[in-house]
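Listed below are the residues making up each chain.
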Amino acid sequence: MNNDGLQDIYLACDYGTDRMFFNNGDGTFREVTEKAIGFDTRKGMNVDIADYDNDGWMDVYVTNITDEYMKECNMLWHNNGDGTLQRCLAERPALAQRSGDGVRNSAISITTAGRICSW
């Protein structure tokens, strides 16, 4: 995620803060969580990494527990290109509707709760 050609790690942690590590290239990693994203208290469940805006930097999408009890959100982190990520989208998926046969439909609509990026 720092474009040095080495694979870095974003760890979604269900029982603690998500963590981010940069690859040192010598078999070790350095933790950059505090500088990169701060300490996120949501329950990260899954991570996808891609360059969604085609700026050459890998961005991060994290899914969290979004049920009615936890009331958390999924987040898109924009890579600023300086070792930091900016949360630019927080969303809560609407619950999937059941069809007449009681089977949950596969399509889930996404409602945007907020966008704080400006580029």
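Residues numbered from 1 in each chain as written. Predicted model: local features only at pLDDT ≥ 70, side-chain atom pairs only at ≥ 80, totals over all residues. Heavy atoms only, no water.

1. Describing the overall build of the protein chain
Quick reminder of the rule: Only DSSP runs of H or I covering at least 4 residues are called helices, and only runs of E covering at least 2 are called strands; the numbering of each starts at the N terminus.
Within the protein chain, the secondary structure is distributed over 1 helix and 8 strands. Its helices and strands in sequence order give the protein chain the pattern β-β-β-α-β-β-β-β-β, from N to C terminus.

2. Remarks on the confidence of the model for the protein chain
The line we're drawing: A score from 0 to 100, pLDDT tells how confident the predictor is in each residue. Between two residues, a contact is recorded if the distance between any of their heavy atoms is within 4.5 Å.
Averaged over all residues, the pLDDT of the protein chain is 75; the fraction at 70 or higher stands at 67%. No element of the protein chain has a lower mean pLDDT than strand E8 (residues 110–114), which averages 37, and none a higher one than strand E3 (residues 29–31), which averages 96. Low pLDDT, under 50, characterises residues 94–99; the predicted model gives this stretch 13 contacts beyond four residues in sequence or across chains.

3. Re the sheet that holds E3
Going by this rule: Each pair of strands is called paired provided DSSP finds at least two bridges between the two strands. Lines fitted to the C-alpha atoms define the axes, with helices restricted to the stretch that makes contact. Angles between their N-to-C directions range from 0 to 180 degrees.
Strand order in this open sheet of 3 strands is E1-E2-E3, and the pairing throughout is antiparallel. A strand with exactly one partner marks an edge of an open sheet, and here the two such strands are strand E1 (9–11) and E3. If you compare each strand with its neighbour and ignore which way they point, the axes differ by 25° on average. Bridge count between E1 and strand E2 (residues 19–23): 3 bridges; the pairing is antiparallel. Looking across to E2, one finds that Ile-9 is bridged to Phe-21.

4. Observations concerning the pattern of salt bridges
In plain terms, the rule: By definition, a salt bridge exists where a carboxyl oxygen of Asp or Glu is found within 4 Å of a side-chain nitrogen of Lys or Arg. Whether a residue is buried, partly exposed or exposed follows from its accessible area with a 1.4 Å probe, protein chains only, as a fraction of its type maximum: under 20%, in between, or over 50%, in that order.
Considering all chains together, one arrives at 1 salt bridge under this definition. With a closest N to O distance of 2.7 Å, Glu-31 and Arg-19 form a salt bridge. Residue Glu-31 is located in strand E3, and its partner Arg-19 is located in strand E2; the two are separated by 12 residues in the primary sequence. The partly exposed category is assigned to Arg-19, whose relative accessible area is 28%.

5. Observations regarding the environment of Asn-79
Where we set the bar: Distance and chemistry together define a polar contact, namely a pair of N or O atoms within 3.5 Å, with one atom able to donate a hydrogen and the other to accept it when in protein, and with adjacent residues in sequence counting only for side-chain atoms on both sides.
Note on placement: Asn-79 falls in strand E6 (residues 74–79). Along the primary structure Asn-79 and Asn-2 are separated by 77 residues, whereas in three dimensions their C-alpha atoms are 8.7 Å apart. With near-sequence residues (within four places) excluded, Asn-79 lies in contact with Met-1, Asp-55, Trp-57, Met-58, Asp-59, Thr-84 and Leu-85. At 2.8 Å, the side chain of Asn-79 and the backbone oxygen of Met-1 are in polar contact. A distance of 2.9 Å separates the side chain of Asn-79 from the backbone oxygen of Met-58, its partner in a polar contact.

6. A word on the nonpolar core
Our working rule: The criterion is simple. A nonpolar core is a set of buried Ala, Val, Leu, Ile, Met, Phe, Trp, Tyr and Cys residues joined through side-chain atoms within 4.5 Å.
Ranked by size, the top nonpolar core spans 14 residues in total, and within it Tyr-10, Met-20, Val-60, Trp-77 and Leu-85 carry the most contacts. Elements represented by at least two residues in this core include exactly E2, strand E5 (59–64) and E6. In contact with Met-20, other than residues within four places in its own chain, are Met-1, Ile-9, Tyr-10, Arg-30, Glu-31, Val-32, Thr-33, Ala-36 and Leu-85.

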